[in-house]
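So you can see what is in the structure, the chains are spelled out below.
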Amino acid sequence: MPDELTKACINLHSVLRNLEDLCQLDQEAKSLISAKDISILFSAKDVPEALLSFKNGKCTMSKGAGPHDIKLYFKSPQHFNQMMEGKANPIPVKGITKIGFLKNEFTKLTDKLAYYLKPTELLLKDPNYANINTILTAYTAFFALAEIGNNDRIGKLNAHRIPDGIIAVSVLNGGPSISINVKGGRLEVIKGAAEKPRAIMSFDSLSTANGVLNGKLDSYTCIGDGRLEIKGYIPMIDNMNKLLAQVPAYLSE
């Protein structure tokens, strides 16, 4: 059964982290923050903090604390998860006068994020929607697998089976690239291509990545026909895929 700490880490550092990319990919989201200069610190007990900043028309999110205008505190991982589900409210401990941003622009951004992360067959027929859905789904999945490897009981066992090195994951022809750094069983995901990966997973297109990540295409079939390429030190990817297989249990909760 998914545990609350791992789920909270995923919700904060994988799901909510997507606001960074949403504000680049979606014009409505971009317009909501165009004139904003504000930062929010999310602080949940036992969960690494995250700083969400809006400045110069861009959104950035990073692990750790820093200068902030608003601080939202959560008394437990479960409290944070309940907030993400719309069942609880955060405890504002700084920036009470700026709460209007949370109730207006921030809420609209999270609603827009949910819109892209919960696709329907009809929505996926729109190429622009499908592209944004694929990019955000890919980031969500791979950032989430790192949180599972670092926090989940079974995930930790699988993470320690991954040899040290970098796994490069990319979607060709306009898709995202990420690097998964593995050291001593700990995983860190960084956006961008790796210079010297030890293993590589490469999707030939956004369409292929969308199908595999949404469970509509079989990965082994895609490997067989060349739409999904895996090379390098294969044991790294084999064990990474065990973590990837745990992701749906957390995201479907």
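Undergrad: Even after reading the chapter, I still don't get the nonpolar core, so can you show me in this structure?
TA: As a rule of thumb, soluble globular proteins bury nonpolar side chains together. If you look at the biggest cluster of nonpolar residues, it comprises 73 residues, and the most contacted ones within it are Ile 40, Phe 42, Phe 54 and Ile 180. Ranked by residues supplied to this core, first place goes to helix α6 (residues 127-151) with 13 residues.

Undergrad: Teacher, can you tell me more about the side chain of Asn 133 here?
TA: Mapped onto the fold, Asn 133 is located in helix α6. A distance of 2.7 Å separates the side chain of Asn 133 from the backbone oxygen of Tyr 116, its partner in a polar contact. Excluding residues within four positions of it along the chain, Asn 133 makes contact with Tyr 116, Leu 117, Pro 119, Leu 124, Asn 210 and Asn 214.

Undergrad: Can you help me understand the sheet that holds strand β5 (residues 91-94) in this one?
TA: Strand pairing in a sheet is mediated by backbone hydrogen bonds. Such pairs are either parallel or antiparallel. If you walk across this open sheet you meet the five strands as β3-β2-β1-β4-β5, and the pairing is mixed. The sheet terminates laterally at β3 (58-63) and β5, the two strands that pair on one side only. Strand-to-strand twist of the sheet, defined as the mean angle between neighbouring strand axes without regard to direction, takes the value 20°. Inspection of the sheet shows strand β4 (residues 70-74) paired to β5 by three bridges, in the antiparallel sense. If you follow Leu 72 over to β5, its bridge partner there is Pro 92. Strand contacts of helix α5 (residues 99-117): β1 (38-44), β2 (50-55), β4 and β5, with the helix running at about 85° to β1, the strand carrying the most contacts.

Rules and cut-offs
Residues numbered from 1 in each chain as written. Predicted model: local features only at pLDDT ≥ 70, side-chain atom pairs only at ≥ 80, totals over all residues. Heavy atoms only, no water. Core = buried A, V, L, I, M, F, W, Y, C linked by side-chain atoms within 4.5 Å. Buried < 20%, exposed > 50% of the residue type's maximum accessible area, 1.4 Å probe, protein only. Helix = DSSP H or I, 4+ residues; strand = E, 2+ residues; numbered from the N terminus. Polar contact = N/O pair within 3.5 Å; in protein donor to acceptor, adjacent residues only side chain to side chain. Contact = heavy atoms within 4.5 Å. Pairing = 2+ DSSP bridges. Axes fitted to C-alpha atoms, helices over the stretch in contact; angles between N-to-C directions.

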